[in-house]
Amino acid sequence: MQGVPSSRDYENGFLTELMIKDLTSAQQAAESAQADIYLGKMANDLYQKMEGTHQRKDFSAIYRYIYNGQASGQRE
């Protein structure tokens, strides 16, 4: 589909590094409120793992990261 991040190789969108910043802020706020955010922590962990190779890509590049098995170390 034209205009979606995947059609642009996940360029020029909401950057992964910004998603990590936001998820980390949310996690810190939750910790200071003594609240558990299980899914938020899991998402942050996944984004942290893909940061080195995808930090300047749109945050939706996580789909490709997971689909290619990189999140579990299965495929390259």
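Computed from a prediction, not measured in an experiment: that's the story for all the values here.

Caption draft 1: Molecular detail of the confidence of the model for the protein. Here the protein averages 85 in pLDDT, while 92% of its residues score no lower than 70. Averaged pLDDT values over the elements of the protein bottom out at 86 in helix H3 (residues 62-67) and peak at 95 in helix H1 (residues 16-32).

Caption draft 2: Expanded view of the side chain of Asn-44. With respect to the secondary-structure elements, Asn-44 resides in helix H2 (residues 38-54). Reaching out from Asn-44, the side chain makes a polar contact with the side chain of Thr-24 at a distance of 3.4 Å. The contact partners of Asn-44, leaving out residues within four places of it in the chain, are Ile-20, Leu-23, Thr-24 and Gln-27.

Caption draft 3: Local environment of H1. Taking 1.5 Å of rise per residue, 17 residues should cover 24 Å, and H1 covers 24 Å from first to last C-alpha, within 8% of that figure. Considered for burial, the residues of H1 that qualify are Thr-16, Met-19, Ile-20, Leu-23, Gln-27 and Ala-30. Here the buried residues of H1 occupy an arc of 100 degrees about the axis, which is enough to place them on one side. Among the structural elements, H2 are those in contact with the buried residues of H1. Positive backbone phi, at 55 degrees, marks Gln-34, one or two positions downstream of H1.

About the thresholds
- Residues numbered from 1 in each chain as written.
- Predicted model: local features only at pLDDT ≥ 70, side-chain atom pairs only at ≥ 80, totals over all residues.
- Heavy atoms only, no water.
- pLDDT = per-residue confidence, 0-100.
- Helix = DSSP H or I, 4+ residues; strand = E, 2+ residues; numbered from the N terminus.
- Polar contact = N/O pair within 3.5 Å; in protein donor to acceptor, adjacent residues only side chain to side chain.
- Contact = heavy atoms within 4.5 Å.
- Expected span 1.5 Å × (residues − 1).
- Buried < 20%, exposed > 50% of the residue type's maximum accessible area, 1.4 Å probe, protein only.
- Arc of directions from axis to C-beta.

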